[in-house]
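Okay, here's what each chain looks like letter by letter:
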There are 2 protein chains.
Amino acid sequence: MVTSEQVAKLAGVSRATVSRALNGSANVSEETRQRILEAIASLGYEPNVVAQNLARQRSRVIAFALFTDDQRKLMEFEQTQHYFYLGVINAVEHAITSAGYDLFFPARAEDGSYGNYLRTLQSRRVAGVIAISIAQSDPRIQALVNSNLPTVFIDNMGQGKRATYVKSDNLHGGRMAMEYLLQLGHRRIAIMPGNTADLSGAERLLGCQQGLAKAGLVADPDLICVSDWTTEDAYHATIKLLKQRRDFTAIAAGSDMMAMGVLRALHEYGIRIPEEVSVIGFDDLDISRFMEPPLTTVRQDRLVMSQSAVQKLITMIEEGETPASLTIPMQLVVRASTGPAPA
Amino acid sequence: MVTSEQVAKLAGVSRATVSRALNGSANVSEETRQRILEAIASLGYEPNVVAQNLARQRSRVIAFALFTDDQRKLMEFEQTQHYFYLGVINAVEHAITSAGYDLFFPARAEDGSYGNYLRTLQSRRVAGVIAISIAQSDPRIQALVNSNLPTVFIDNMGQGKRATYVKSDNLHGGRMAMEYLLQLGHRRIAIMPGNTADLSGAERLLGCQQGLAKAGLVADPDLICVSDWTTEDAYHATIKLLKQRRDFTAIAAGSDMMAMGVLRALHEYGIRIPEEVSVIGFDDLDISRFMEPPLTTVRQDRLVMSQSAVQKLITMIEEGETPASLTIPMQLVVRASTGPAPA
DNA sequence: CTGAAAGCGCTTACAG
DNA sequence: CTGAAAGCGCTTACAG
């Protein structure tokens, strides 16, 4: 590997000047700058980022973290329930690397856990972290909130001196779903909000209840089916409900992946959608419009979510100030899985 | 941040000894080791990984790369076609970080491209790279193959002094799909192999043709529909085929995501599956069993794929030798989207 | 505008 | 078994 030393020699200057030329310091004459640039080109020099980071006492690397509750599920790789976040990760990766930062997933401790998470990050001198924190109870959330490490949370309301968050307006989303269903004449609506120990599950459920309340209705507790976020859980919850009773005319699933399980169960029972039962989801995954029937859903804008999270983080890193949090509106997307309530 | 200097002072030894104790050198007495460990604990010391990497002239970070052909599509984040790889990335992340390596997505050049990719990696002193290389033509593949940077390719047969690969046996997979369909009595089978400019697309198509040939049949060129990998492309290809002719009794889609588009088109035409048309996919995504009807498919073992790729890479990094490539068998998974050919 | 020197926080022959 | 010293490849006050 060629070093700045060699560039300096070839250009007939000191390493200090090479460094200045490279970092756009004003204090270097146009003539020597040219000479240095030529030397760099002819040698194919690329600065050693590791050495730069050490010398500068800072880095341009951002850590990414996904905090979920269930270690076991993480191991299985069959994380159907996280398809939405997979898309977010993808968008975050693009935003971060396009901004000239490296993205980083830190190594785990020997036991497979993340050990002393904060110290791991600090020892690697990361500049900041984007954390998708589904599970509220993860101790790493508190650690990050209390730390000086710039952090942006997605889907969790972590806030601190150096921490802010970005999330969807799930409350409003829940209300919209109910208002839409009510307007179609549905009155007996089953709600499968996902895991209500997670913020988005709790908010979506509450939003649904508020939507019902505004119409003077109260959600029937027996029609609220709490489960985990997986397609499979929703499938089983639907089967169970179907065995108990069939008086509901609509199901609001906590996510599109859950809705896919609901649809599957309904198909197996030969129930026509939406003639007999309407189904609505949350998220608007890119596969949702290809489901059978194409799924009506409440859309989360994952592009805005991802990009604004990254932008806020970079602001924190580069400007030093902590931006306000952002709550992103959701949007009703009507497709073919919902229709008027049967008479 | 506490440094080894402070630990040394507290323990009454030199920094060199602290370093030795930390790195498990045999040459340090049990007694001083204890003293150092105590000092570390009481100070909460964590070594600066950046400084370690610089001093050691090596690192424990592995870069991840996804080489796809279509820059435009990458920007859209609507990468339905890459759901399979999203799962692979997830499994790779787990395997890498559990092995005590950091995972790394390098920053892009200012124009949003990856610029001089190899130099970027080298300037960050990564130890090796896992590359999912869908597009054969990406110049970065050649660059990596020719370099000394340990590399494992997934889904592309890159091989070199310091490069090997892991992939599914798509050829055999294609044959299996055809043999199964033939055995069900199908003779007029439409093949939508995905993008045949990509290795897996070409292999799957060839495998299908071989399967047909073994039964003394030749694939009807008009029933081979080449398109891109997306759900949408497959949807449109199916619609187009349906408008032209309806004499086929089965469709082999190049991936499960494509199959989802095929199913959607068939549903819109009111065609019963599998009574009128059978559908088979490739991959076995975790959502495939929830499709309507549950999808018959040829499974790729992404866990084996991911884990063996990471293991090979770590072998290369730590042992210095380049392991042989691995071709993983595929497996037929029969569900409800296939049935006997109509009389 | 430019260079010499110190420093970033480790590691690793080299001596002893 | 342990320490002093040099080195990894940069950056950045400090002088001039």
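As the structure is a computational prediction, the values presented were derived from the model and not from experiment. (Residues numbered from 1 in each chain as written. Chains lettered and ligands numbered in written order. Predicted model: local features only at pLDDT ≥ 70, side-chain atom pairs only at ≥ 80, totals over all residues.)

*Asks:* So what's going on with the overall build of chain A? Which residues, and what values?
*Replies:* A count of helical and extended segments in chain A gives 13 helices and 12 strands. Its C-alpha atoms give chain A a radius of gyration of 26 Å, more than 25% over the compact-globule value 20 Å for 343 residues. In terms of principal-axis extent, the alpha carbons of chain A reach across some 90 × 35 × 35 Å. By residue count, 50% of the 343 residues in chain A fall in the buried class. Sequence-distant contacts in chain A: of pairs separated by 6 or more residues, those separated by 24 or more amount to 70%. (Helix = DSSP H or I, 4+ residues; strand = E, 2+ residues; numbered from the N terminus. Rg over C-alpha atoms; globule rule 2.2 N^0.38 Å. Buried ≥ 20, exposed ≤ 12 C-beta atoms within 10 Å, placed from the backbone. Contact = placed C-beta atoms within 7 Å.)

*Asks:* If you had to explain the protein's contact with DNA strand D to someone new, which residues and values would you point to?
*Replies:* Close to DNA strand D lie 28 residues, the nearest being Ser4(A), Ala16(A), Ser19(A), Ala55(A) and Ala16(B). When residues of the surface near DNA strand D are traced back to their parent elements, those giving at least two are helix 2 (15-22) and helix 4 (49-56) of chain A together with helix 2 (15-22) and helix 4 (49-56) of chain B. Across the surface near DNA strand D, the residue classes tally to 13 nonpolar, 12 polar and three charged. (Near = placed C-beta within 6 Å. Nonpolar A, V, L, I, M, F, W, Y, C, P; charged D, E, K, R; others polar.)

*Asks:* Which residues make up the sheet that holds strand 10 (residues 296-299) of chain B, and what values go with them?
*Replies:* All names here are of chain B. The strand order across the open sheet built from six strands is 7-6-8-9-10-12, with neighbouring strands paired in mixed fashion. Edge positions in the open sheet fall to strand 7 (224-226) and strand 12 (331-333), since each of these has one partner strand only. Mean inter-strand twist for the sheet, computed between neighbouring axes without regard to direction, equals 15°. By the bridge criterion, two bridges tie strand 6 (residues 189-194) to strand 7 in an arrangement that is parallel. Following the sheet pairing, isoleucine 191 is matched in strand 7 by isoleucine 224. (Pairing = 2+ DSSP bridges. Axes fitted to C-alpha atoms, helices over the stretch in contact; angles between N-to-C directions.)

*Asks:* I'd love a proper account of the domain arrangement of chain A, names of residues and values included.
*Replies:* Partitioning chain A into structural domains gives domain 1 (4-47), domain 2 (61-168 + 302-329) and domain 3 (170-300). Summarising the inter-unit geometry, the C-alpha centres of domain 1 of chain A and domain 3 of chain A are found 63 Å apart. (Domains from an automatic or database assignment.)

*Asks:* With reference to specific residues and values, describe the interface of chain B and chain A.
*Replies:* Counting residues at the interface gives 47 residues for chain B and 47 residues for chain A. Of all the secondary structure elements, the ones that give two or more residues to the side of chain B that touches chain A are helix 4, helix 6 (83-98), strand 2 (102-105), helix 7 (117-123) and helix 12 (256-268) of chain B. Of the residues forming the side of chain B that touches chain A, the biggest block, seven residues, is contributed by helix 6 of chain B. When strand 2 (residues 102-105) of chain A meets strand 2 of chain B, the two strands line up antiparallel, connected through three bridges. Each bridged residue has a counterpart across the sheet, and for Phe104(A) the counterpart in strand 2 of chain B is Phe104(B).

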